[in-house]
Amino acid sequence: MVNVAKDVEFSEFTKENFKTTLGQSVKLTKVTKSYDGIKALDEVDIEIEPGSFTVLLGPSGSGKTTLLKSIAGIIKPDSGSVMIGQNTVFDHQTWVPPEKRELSMVFQDFALWPHMTAVNNVAFALKRRKLPRESVKNLSRNMMEKVGLLDHVNNYPDQLSGGEQQRVALARALVAQVGVVLFDEPMSNLDTDRREILRFEISTLIHEYNATAIYITHDQSEAFSLADKIAVLDKGKIQQYDTPENIYKGPASAMVARFTGISGELPVKYAIGDDCTDVAKVIVDDELNCKPISLVATNDLANGKLKLFIRPTALKIVQPTPLSTLTGIIVDVSYCGKGYEHVIKLPDKSLLTKVFSENRFNRDELVGIMVDPSGCLLLKDD
Ligand code: ADP
Ligand code: MG
């Protein structure tokens, strides 16, 4: 019989061991980097806790790679400071080169050494530590096993699939057991099913080793599933740095709301705030023929044009009745396994997308829409 208690004790012991040795904090203060007068990073401040998994999420060109390379030491910022753990690795008088920063990186194109077998690619990352040959061999094989590639240790990169090469790159980044692991869109070249598996493997391994991970993606579902905290970047600035739950429920700006998944946005005629309760009654433009929506306003709403942003989870399609919040016409329907996703055209010709229902509603059908205020966000339009 398997002695479960003993196994659990052992694995807890090894995890604790890692916890004391890995996971450095990363702190950037007013980091700025310009290219030809355009700010790729604009006074970026961020403090990343040791052992946490941070995802950098943002549109193409928002500065994600520049930020990651500034941490790695591949790019030298124009000003500001970067600290890893207690060490300043960059400021106006300090420059620590990348190889001395005790971190590893996994890139989008995960360049493996073509002339080395998979296991030697992994072992190469241990070379600097001057370990005995036998230890290098054991650690490398052990890591190959963890990423599920024990059958492929002696294959050369061109004998491996994209997903397998990616896992070798991951093993190589993790085997060195450094405090910080940086990922720049590591799965963008992979098929969807491979991504799902690798996403799980990355998450498991990083948590097991308790390293600090900073991971770039522009895919919101990847961001939400991996992150302890998400940093949303736009135009070289961090718009918000918070847990996935807080970002979903309380995006700091219209940009953050849009980039983290909405079904649509309704123009607001006016909103009446209640000073005592934080509840705002939102009146949408007449054209939409929308019932008033009362919600808890999370942002300061003084000044500026407001918009009501609606998360997909807030919408329910019903038969049109005088009670439904909105009415619209189904213009598209697609089957998604557990039900159907609809696109609905509203009276002002704007669209609500990703409206889920277990039941199929057909094109050209007039429907009612119930809007759950807890999935609505009243924000300044930008
Ligand atoms: P992301 O990774 O979010 O797509 P990047 O950090 O690569 O964004 O780029 C941010 C901005 O800096 C973009 O406008 C990009 O064109 C510019 N940029 C990045 N690297 C260079 C470079 N080596 N030379 C000139 N401009 C650059
Ligand atoms: Mg990039």
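The preceding data block contains the structure.
Residues numbered from 1 in each chain as written. Chains lettered and ligands numbered in written order. Predicted model: local features only at pLDDT ≥ 70, side-chain atom pairs only at ≥ 80, totals over all residues. Heavy atoms only, no water.

S.K.: Whenever I open this one, the site of ligand 1 confuses me. Can you help?
M.R.: The immediate surroundings of ligand 1 are formed by Tyr35, Ala40, Pro59, Ser60, Gly61, Ser62, Gly63, Lys64, Thr65 and Thr66. Within the contact set of ligand 1, an oxygen atom lies 2.9 Å away from a side-chain nitrogen or oxygen of Lys64. Contact between ligand 1 and Thr65: an oxygen atom at 2.8 Å from a side-chain N or O atom of the residue. Look at ligand 1: alone it shows 560 Å² of surface, and the protein chains cover 57% of it. (Near = heavy atom within 4 Å. Polar contact = N/O pair within 3.5 Å; in protein donor to acceptor, adjacent residues only side chain to side chain. Areas by Shrake-Rupley, 256 points an atom, 1.4 Å probe, with all protein chains shown as cover.)

S.K.: Whenever I open this one, the sheet that holds strand β14 (residues 293-296) confuses me. Can you help?
M.R.: Strand order in the open sheet formed by 5 strands is β14-β13-β12-β15-β21, with antiparallel pairing between adjacent strands. Two strands bound the open sheet, and with one partner strand each, they are β14 and β21 (376-380). When the angles between neighbouring strand axes are averaged without regard to direction, this sheet yields 45°. Pairing of strand β12 (residues 264-273) with strand β13 (residues 279-284) involves 5 bridges; the strand directions are antiparallel. From the neighbouring strand, Val268 faces β13, where its bridge partner is Val284. (Pairing = 2+ DSSP bridges. Helix = DSSP H or I, 4+ residues; strand = E, 2+ residues; numbered from the N terminus. Axes fitted to C-alpha atoms, helices over the stretch in contact; angles between N-to-C directions.)

S.K.: Could you clarify how one ought to interpret the pattern of salt bridges in this entry?
M.R.: When the charged atoms of two side chains lie near each other, side chains of opposite charge can form a pair. On inspection of all chains with the given rule, the structure shows 16 salt bridges. Residue Asp42 is joined to Lys39 by a salt bridge in which the shortest nitrogen-to-oxygen separation is 3.8 Å. Residue classification places Asp42 among the buried residues on the basis of a relative accessible area of 16%. The exposure class of Lys39 is partly exposed, given its relative accessible area of 44%. Here Lys269 ties to Asp286 by a salt bridge, and the two come within 3.1 Å at their closest N and O atoms. Taken as a pair, Lys269 in strand β12 and Asp286 in the loop between β13 and β14 lie far apart in primary sequence, 17 residues in all. A residue is classified by how much of its surface remains accessible, and Lys269, at 44% relative accessible area, is partly exposed. You can call Asp286 exposed: its relative accessible area is 56%. Connected through salt bridges with shared partners, the residues Arg258, Glu265, Lys307, Asp381 and Asp382 form a single ionic network. (Salt bridge = Lys/Arg side-chain N within 4 Å of Asp/Glu carboxyl O. Buried < 20%, exposed > 50% of the residue type's maximum accessible area, 1.4 Å probe, protein only.)

It is worth stressing that arrangement in space is one thing and function is another; only the former is reported here.
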